[in-house]
Amino acid sequence: MDTHQNGIRSPWRDLLYLMLYSLVVTFVFQVIIVLFGVLLSGDLSGVVGGENSLLESSAVFRYCLFASSSIGTFLLPVIWLQRTNREVEFYTAQRTSDWRNYVGGAAIMIAFIPFMDLIAQWNMEMSLPGGLKQLEQWMRTQEDNASAITASIIMVSSIDKLLLNLLVIAVLPGIAEEFFFRGALQNIFTRIFGNIHLSIWVVGIIFSAIHLQFYGFFPRMMLGVFLGYLLFWTGNIWVPIFVHFLNNASVVVAAFFYTRKGKSYEEFVSEGFSYSIIAYLGSLIFSILLGIAMYRYTQSKKRYAGRLD
């Protein structure tokens, strides 16, 4: 069946359409980017070859590739889906002017940083059993490739490139990925599972896996889960968008200052903060307390709004 009894289109159909739209728009954007790369280099092999020479040598090409990924793969498919299914609101925006939601989300993210750093350290040291060494080697290769691309774009020292990085790495992904993962996928999976919590965790796993950076999988998954709960609690897609932006922007700005000091990407990645066990436990406990406080606040707002209705 394509519809439920209440007239809303089947979530499985929405999921199929979302994947189809994403594949179509991504393919179109990739063709455009390849043609643009050919114009830049005059050589098709430099764009699609195994060496990815244009990706490594041309900043313009890298920025276009990053921007097209956000817009083509994530943003436009959700907008297209929303236009074809107006019975469901995929990027809900309730009480957008309530600044406490934005501050609360940012505060939880900042409080969780030490414990997130502990998760990241454990993830980086992860080693698979002997029978999966080939898989581990592939994962390491993918991680190294992603790191090389990231290093080529975020290690900048000029203000104009810093602003461009904030746009391409923080603003566009913050909006596009939240529309896609929290706005569309979380809505669809909630309707499929009938359980918001299961949906948030499944989408968090998909959100992390799709980045193909396995040695940062668990921190990114936890970020995705946190962003999912922010949308669930507040009913405002712009709250997770804001927190997602802050998370990415903090990396961009930190890399900028490291580059200004003459430090390399390897130094930037390796010079993490070292916390005591008390700080790790404090980070976890304080984050939980802030989360509980924010949950209670958002629930009280929902009850108040319900009485007004």
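A short tour of the structure in this document, coming up. (Residues numbered from 1 in each chain as written. Predicted model: local features only at pLDDT ≥ 70, side-chain atom pairs only at ≥ 80, totals over all residues. Heavy atoms only, no water.)

Some words on the pattern of salt bridges
Per the stated rule, a full pass over the model turns up three salt bridges. The closest approach of N and O atoms between Arg-191 and Asp-14, which form a salt bridge, is 2.9 Å. You can see Arg-191 sitting in helix H8 (residues 159–193) and its partner Asp-14 sitting in helix H1 (residues 11–41), a full 177 residues away along the chain. Here Arg-191 falls in the partly exposed class, since its relative accessible area comes to 24%. Between Glu-178 and Arg-182 there is a salt bridge, and its shortest N-O distance comes to 2.7 Å. Of this pair, Glu-178 and Arg-182 both sit in helix H8, four residues apart, roughly one helical turn. Judged by relative accessible area, which is 0%, Glu-178 ranks as buried. (Salt bridge = Lys/Arg side-chain N within 4 Å of Asp/Glu carboxyl O. Helix = DSSP H or I, 4+ residues; strand = E, 2+ residues; numbered from the N terminus. Buried < 20%, exposed > 50% of the residue type's maximum accessible area, 1.4 Å probe, protein only.)

Things to note about a nonpolar patch on the surface
Nonpolar side chains collect at one region of the surface, where Leu-20, Val-24, Phe-27, Val-28, Val-31, Ile-32, Leu-35 and Trp-80 lie side by side and expose about 730 Å² of accessible area between them. In terms of residue count, the dominant contributor to the nonpolar patch is H1 (seven residues). Note on placement: Phe-27 falls in helix H1. (Patch = residues over 30% accessible without salt bridge, like charges linked within 9 Å, V, L, I, M, F, W, Y side chains within 5 Å. Areas by Shrake-Rupley, 256 points an atom, 1.4 Å probe, with all protein chains shown as cover.)

Observations regarding unusual backbone geometry
Even without a glycine there, the phi angle at Arg-95 is positive, about 50°. Take Arg-95: its relative accessible area is 26%, and that puts it in the partly exposed class.

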